[in-house]
Amino acid sequence: MIHAVLIFNTSGIPRLTKFYTPLHQSSQTLIQKIFSLISIRPAGLCNFLDAPELEAFLGPKDDSDERWRVVYRNYATLYFVFVVDGAESELGILDLIQVFVEALDRHFENVCELDLVFHFDEAHHILAEIIQGGLVLETNGDEISNSVKLASKARRSSFVSANPLSLGSGGGGGPRSGSLQTPLGWLTDRLTGVATR
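Residues numbered from 1 in each chain as written. Predicted model: local features only at pLDDT ≥ 70, side-chain atom pairs only at ≥ 80, totals over all residues. Heavy atoms only, no water.

This next bit is on the overall build of the protein chain. Looking only at helices and strands, the protein chain has seven helices and seven strands in total. The order of helices and strands in the protein chain, counted from the N terminus, is β-β-α-β-α-β-β-α-α-α-β-β-α-α. Taken over 197 residues, the protein chain has a buried fraction of 36%. Long-range contacts, defined as pairs at least 24 residues apart, comprise 47% of the intrachain contacts of the protein chain with a sequence gap of at least 6. (Helix = DSSP H or I, 4+ residues; strand = E, 2+ residues; numbered from the N terminus. Buried < 20%, exposed > 50% of the residue type's maximum accessible area, 1.4 Å probe, protein only. Contact = heavy atoms within 4.5 Å.)

So, about the packing of aromatic side chains. For the coordinates displayed, the defined rule picks out six aromatic pairs. Ring geometry for Phe8 versus Tyr79: centroids 5.8 Å apart, planes at 45°, classification tilted. One end of the pair, Phe8, is in strand β1 (residues 2-9); the other, Tyr79, is in strand β5 (residues 78-84), and 71 residues separate them in sequence. Each member of the pair, Phe8 together with Tyr79, is buried. Chaining the aromatic ring pairs together yields one cluster made of Phe8, Phe35, Tyr72 and Tyr79. (Phe/Tyr/Trp six-rings, centres within 6.5 Å; stacked < 30°, edge-to-face > 60°.)

The α-helix winds at 3.6 residues per turn, so residues separated by three or four positions along the chain end up facing the same way. Between the first and last C-alpha of helix α3 (residues 90-108) there are 27 Å, a value that for 19 residues agrees with the 27 Å anticipated at 1.5 Å per step. Here α3 has its buried residues at Glu90, Ile93, Leu94, Leu96, Ile97, Val99, Phe100, Val101, Ala103, Leu104 and Phe108. Positioned one or two residues after α3, Glu109 has a phi angle of 55°, which is positive. (Expected span 1.5 Å × (residues − 1).)

Now for the packing of α3 against helix α6 (residues 141-162). Direction vectors running N to C along α3 and α6 enclose 45°, while the axes themselves pass 10 Å from each other. Considering the angle they form, α3 stands oblique to α6. Taken as a pair, α3 and α6 cross one another with a handedness that is right-handed. Packed against α3, whose contacting residues are Val99, Ala103, Arg106 and His107, the element α6 presents Gly141, Asp142, Ile144, Ser145 and Val148 at the interface. Within the contact of α3 with α6, the residues separate by chemical class into four nonpolar, three polar and two charged. (Axes fitted to C-alpha atoms, helices over the stretch in contact; angles between N-to-C directions. Parallel < 35°, antiparallel > 145°, perpendicular 65-115°, else oblique. Left-handed = near helix turned anticlockwise from the far one by under 90°. Nonpolar A, V, L, I, M, F, W, Y, C, P; charged D, E, K, R; others polar.)

Given below as structure tokens:
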């Protein structure tokens with residue numbers, strides 16, 4: 001099972017955090033602990049490590065042979081980190097990180113740290129298309145991209161139909177968009193009392 005998905009920069013500042021199991025301590029301390037484990041590792045070492053230090057944050061495993069594992073990839077200035085248990089394949093998780101990064105790249109057209117800062121809701125939506133409740137749902141990049149585009153289109157049309165000031169912005173607003181041409185015209189009509197109720 002996947003217990004956490006984290007993205008933080010090379011300074012240890014979190015850009016996306018998603019926990020699928022309850023934490024026993026603060027999430028900030030967990031992120032700092034994981035960052036301290038990863039940041040000191042040379043680039044030539046493998047991208048996964050056993051982390052018994054995380055038991056204080058996530059709780060002890062039932063099986064004494066099983067340990068918490070941290071699987072990560074470093075892309076430019078970002079670390080993509082998955083905290084998993086022994087039920088997950090480390091190589092499979094590395095591939096899942098690649099799928100996640102490719103989905104972010106498709107959506108943001110060459111994703112960077114600022115995309116995750118200013119569009120965190122979209123990044124969480126992409127992650128939710130891939131993982132739900134700590135289990136992998138989808139790994140097909142085309143399916144992920146299509147569902148994210150569909151949800152984004154639905155969100156935009158919902159905003160346009162619910163916001164009277166956006167009626168003149170085009171994009172085929174809601175049912176009222178035919179009678180009102182611009183937001184300024186709408187506001188002028190409301191202020192002069194010309195508009196019908």
